[in-house]
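# Examining the three-dimensional arrangement
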Amino acid sequence: MSAEARRILVLGGAGQLAWELRRSLASLGQVIAAGRRSATHAVDLEHPETILPLVEAVRPDWIVNAAAYTAVDRAEQEPERARAVNGVAPGLLAEAAGRVGAQLVHYSTDYVFDGRAGRPYLEDDPAYPLGVYGASKLDGEAAVARAGCDWLILRTAWLYGARGGNFMRTLRRLARERAELRVVADQVGAPTWARHVAEATAQMLARLGDDRAAWHRHCGVYHLSAAGETTWHGFAEAIVAHQRRHEELPCRAVTAIATADYPTPARRPACSLLDNGKLARAFGIRLPDWRVGLAQVQEELDAGEE
Ligand SMILES: NC(=O)C1=CN([C@@H]2O[C@H](COP(=O)(O)OP(=O)(O)OC[C@H]3O[C@@H](n4cnc5c(N)ncnc54)[C@H](OP(=O)(O)O)[C@@H]3O)[C@@H](O)[C@H]2O)C=CC1
Ligand SMILES: Cc1cn([C@H]2C[C@H](O)[C@@H](COP(=O)(O)OP(=O)(O)O[C@H]3O[C@@H](C)C(=O)[C@@H](O)[C@H]3O)O2)c(=O)[nH]c1=O
Ligand SMILES: [Mg+2]
């Protein structure tokens, strides 16, 4: 199929990953963006009855679902909303994909794990989520896998980008407001640039194309996170160090603290590193080190690019 003829339905509104996907997938087909605020392609994943009509109206070749309930702490207070969006809707999307003969790409998270493994997680490791968000995302994975279309579930971690709500943007704001930032140094992970995830997704889709047998063979869960590792404190230090090269900051110190000194409603994994070997073997894709993405996005922000 030519790129002109292919239709790619991207869900996720103005979310950080959806924004990058619209950019990265544009060369592979006609991207149709759907979201709660879309005038032409409205969908609300809390309202399951809006899903099949959207998919039947668009008749996409691929569905890429970057919509999610991502407020990790708030999810503890409103679990039914998180479950509807993250746990139930992905299965309905996968069923709808099956009906129109589309394939589904869906995203999940390191927070499906409890962080006690002592080594980077493999796709098949048992998942024990610590909170409502992780549990709802795990339910969504199972719902997709049950539905019967061909699908890819890409588990990523610690996403950041120039848009949307994320740790990097929060820290850049706090560094302009406070003399001291206090950040947990006992949670380990790999901060992953949303653009790198979008570009890897595009490479995977380009590789599978319209080859149904290849889709079937590659159907499954893949870990997709940046190379390298750090803590939220290490990430914060790198963010502020870069920012300081471009602006005067009141922030004098980025202090390492323990999770116990930063109480939050949701528990988070102590180590949620993902082993990316399966992706490398199956698709030849390895994401750059987290520092590469961070430097690039901050340069774009400093240059005022939007
Ligand atoms: N953020 C992170 O650190 C990580 C995220 N992930 C996963 O990656 C994917 C993308 O996340 P990310 O881009 O960061 O998330 P964002 O929070 O930036 O964006 C999620 C988008 O989902 C949309 N959405 C939320 N609720 C609904 C709903 N009821 N109906 C329709 N759309 C809805 C929102 O659209 P609207 O614009 O209308 O508000 C929002 O823009 C998700 O699956 C997430 O679980 C995985 C690991 C890390
Ligand atoms: C803002 C801030 C956070 N923290 C801590 C709180 C928490 O333990 C850790 C991370 O903070 P956040 O709440 O921003 O990150 P969090 O929302 O937990 O990020 C997660 O989002 C979901 C959607 C995912 O899927 C995960 O991969 C992960 O990226 O840093 C500090 O110690 N100091 C601070 O100033
Ligand atoms: Mg958050």
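Residues numbered from 1 in each chain as written. Chains lettered and ligands numbered in written order. Predicted model: local features only at pLDDT ≥ 70, side-chain atom pairs only at ≥ 80, totals over all residues.

If you look the chain up in an unreviewed UniProt entry, it shows as dTDP-4-dehydrorhamnose reductase from Parasulfuritortus cantonensis. According to the UniProt record, the Sequence similarities (unreviewed entry) comment for the chain is "Belongs to the dTDP-4-dehydrorhamnose reductase family." Per UniProt, the chain carries the Catalytic activity (unreviewed entry) text "dTDP-beta-L-rhamnose + NADP(+) = dTDP-4-dehydro-beta-L-rhamnose + NADPH + H(+)". (UniProt positions renumbered as here; feature names shortened; annotations may be inferred.)

With respect to spatial proximity, 29 residues lie near ligand 1, and among them Gly 13, Gly 15, Leu 17, Ala 68 and Leu 159 are the closest. Among the elements of the structure, helix 1 (16-24) and strand 4 (103-109) are those that each provide at least two residues to the shell around ligand 1. Partitioned by chemical class, the residues of the shell around ligand 1 number 14 nonpolar, 10 polar and 5 charged. (Near = placed C-beta within 6 Å. Helix = DSSP H or I, 4+ residues; strand = E, 2+ residues; numbered from the N terminus. Nonpolar A, V, L, I, M, F, W, Y, C, P; charged D, E, K, R; others polar.)

Moving on: helix 2 (residues 51-58). When helix 2 is considered as a whole, its buried residues turn out to be Ile 51, Leu 54, Val 55 and Val 58. Take helix 2 and look down its axis: the buried residues cluster within an arc of 95 degrees, on one side only. Residues Pro 53 and Glu 56 are exposed on helix 2 and point more than 90 degrees away from its buried face. The inward-facing, buried residues of helix 2 contact strand 1 (7-11), strand 2 (30-34), strand 3 (62-65) and helix 4 (79-100). Immediately downstream of helix 2, the backbone of Arg 59 shows phi near 45 degrees, a positive value. (Buried ≥ 20, exposed ≤ 12 C-beta atoms within 10 Å, placed from the backbone. Arc of directions from axis to C-beta. Contact = placed C-beta atoms within 7 Å.)

Let us look at the pairing of strand 1. Consecutive side chains along a regular strand alternate between the two faces of the sheet. Summarising burial for strand 1: 4 of the 5 residues are buried, a large majority. Bridge analysis of strand 1 against strand 2 gives 5 bridges, and the strand direction is parallel. Along strand 2, the bridge assignment pairs Val 10 with Ala 33. Once you follow strand 1 into helix 1 and on to strand 2, the crossover reads as right-handed. Inspection of the sheet shows strand 1 paired to strand 3 by 4 bridges, in the parallel sense. Of the residues in strand 3, the one forming a bridge with Leu 11 is Asn 65. (Pairing = 2+ DSSP bridges. Right-handed = clockwise from strand over helix to strand, strands pointing away.)

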